[in-house]
Amino acid sequence: MENWIEQPIVDPEIPEGDRRRMAVALPALLARPDPEPPRWVRRLFAAGAVLSATAAMAMAGVAGGTGRGSAMLAAMMLLFVAIVCTGVARSHEGTRLSRRYAGRYVIPATLDDPALDLLARARRAVGDVSGSRAHRLGLLDAVANDVVLPRHLWEIAGLVRVHADLRAEQAEALGEAMTPGLAAVLRPQQEALRRSVAAVTERVRELEAYADQVRAADSALRAGDLRRSDDRYLDLLARADDTSDLRALTAEAAALTAGLHTDDASGPGAAGLHTDDASGPGAAGLRAGNAPGPRPDGGPEGSATC
């Protein structure tokens, strides 16, 4: 994207085709136009271009018929002369436009900082309105915006250009030796400039206020779009909270786990272990002190009599 400060702001009264050509021919508009030859000189060169081109075609025909290289060389030289004469006779399109519409365009890059700041604010406000959704939908006065806003932007551009020129003039005057007479001239001029800058600043603020209202309208339109999506959000919440089937499965798994713990606590293996420890014959014998021991006669253990 090209830097906007290099793009000319053009009087909207200029025909649309010329405005487009001026934007394309920017280098010629930025440069100070060079003196152009008088009209009679340009007409003379235009006639020379026509004659040279005619002679070149004639010599080319001769060269084609005779096969002479000298005739072809002469034709090429005449063609070169015709091109040069055409260039002198016709000035650059950008230069022509800059002269034709002198004073009816402003190139922001040529302004000082205070003027450029005001122009940038005005341009931003106009761009925000023109590019707004409310404008595209026809909710604003499109005809008035397309006519009034460019005119305001052009008028602001013209005023800040004058401000910049006058500030440069006053800076040059202040660099000289100040005398009572010079001070007497500068004081009312500075006051007039200050008041003009204040008026243009207020005009820019009004444009910005209008742009703020248009942005608020765009925000309201966006809020309306989002509000129409409320049902989707409610459906999303309902789908996210629908866990009844998971809760049923969790309860079923908990019941199964509890049943398995109960079976482990009351199974047959667990009952046999408790009976042997508490009331078995071996346990009773041990408690009575009747544990088998060695026989007095050294016989085998396990019986007291034969």
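Model, not experiment: these values are computed from the prediction. (Residues numbered from 1 in each chain as written. Predicted model: local features only at pLDDT ≥ 70, side-chain atom pairs only at ≥ 80, totals over all residues. Heavy atoms only, no water.)

S.K.: Outline the overall build of the chain, supporting the account with residue identities and numerical values.
M.R.: A tally of helices and strands in the chain yields 13 helices and two strands. In the chain, of all internal contacts separated by at least 6 residues, the share reaching a separation of at least 24 is 71%. When the accessible surface of the chain is split by element, carbon and sulfur atoms take 60% of a total near 20900 Å². (Helix = DSSP H or I, 4+ residues; strand = E, 2+ residues; numbered from the N terminus. Contact = heavy atoms within 4.5 Å. Areas by Shrake-Rupley, 256 points an atom, 1.4 Å probe, with all protein chains shown as cover.)

S.K.: So what about the nonpolar core? Which residues, and what values?
M.R.: Ranked by internal contacts, the top residues of the largest apolar core, which has 22 residues, are Leu111, Leu119, Ile156, Val160 and Leu207. Of all the secondary structure elements, the ones that give two or more residues to this core are helix H6 (113-130), helix H8 (142-174) and helix H9 (180-227). Aside from chain neighbours lying at most four places away, what touches Val160 is Leu111, Ala115, Leu118, Leu119 and Val200. In terms of nonpolar packing, the next biggest core, distinct from the first, is built from seven residues, Ile14, Leu97, Tyr101 and Tyr105 among them. (Core = buried A, V, L, I, M, F, W, Y, C linked by side-chain atoms within 4.5 Å. Buried < 20%, exposed > 50% of the residue type's maximum accessible area, 1.4 Å probe, protein only.)

S.K.: Residue-level account of the side chain of Ser132, with values.
M.R.: Positionally, Ser132 belongs in the loop between H6 and helix H7 (133-136). Among the polar contacts listed, one links the side chain of Ser132 to the backbone oxygen of Val129, at a separation of 2.8 Å. Residues in contact with Ser132, not counting those within four places in the same chain, are Leu140, Val214 and Asp218. (Polar contact = N/O pair within 3.5 Å; in protein donor to acceptor, adjacent residues only side chain to side chain.)

S.K.: Residues and numbers for the environment of His135, please.
M.R.: Mapped onto the fold, His135 is located in helix H7. By relative accessible area, which is 12% here, His135 ends up buried. C-alpha of His135 to C-alpha of Val214: the two residues are 79 residues apart in sequence and 8.3 Å apart in space. Beyond its immediate sequence surroundings of up to four residues, His135 is in contact with Val129, Ser130, Leu140, Ala142, Asn145 and Asp146.

S.K.: Describe the environment of Ala47, with residues and values.
M.R.: You can see Ala47 is positioned in helix H3 (residues 39-66). Residue classification places Ala47 among the partly exposed residues on the basis of a relative accessible area of 37%. Linking Ala47 and Thr86, residues 39 residues apart in sequence, is a C-alpha distance of 8.9 Å.

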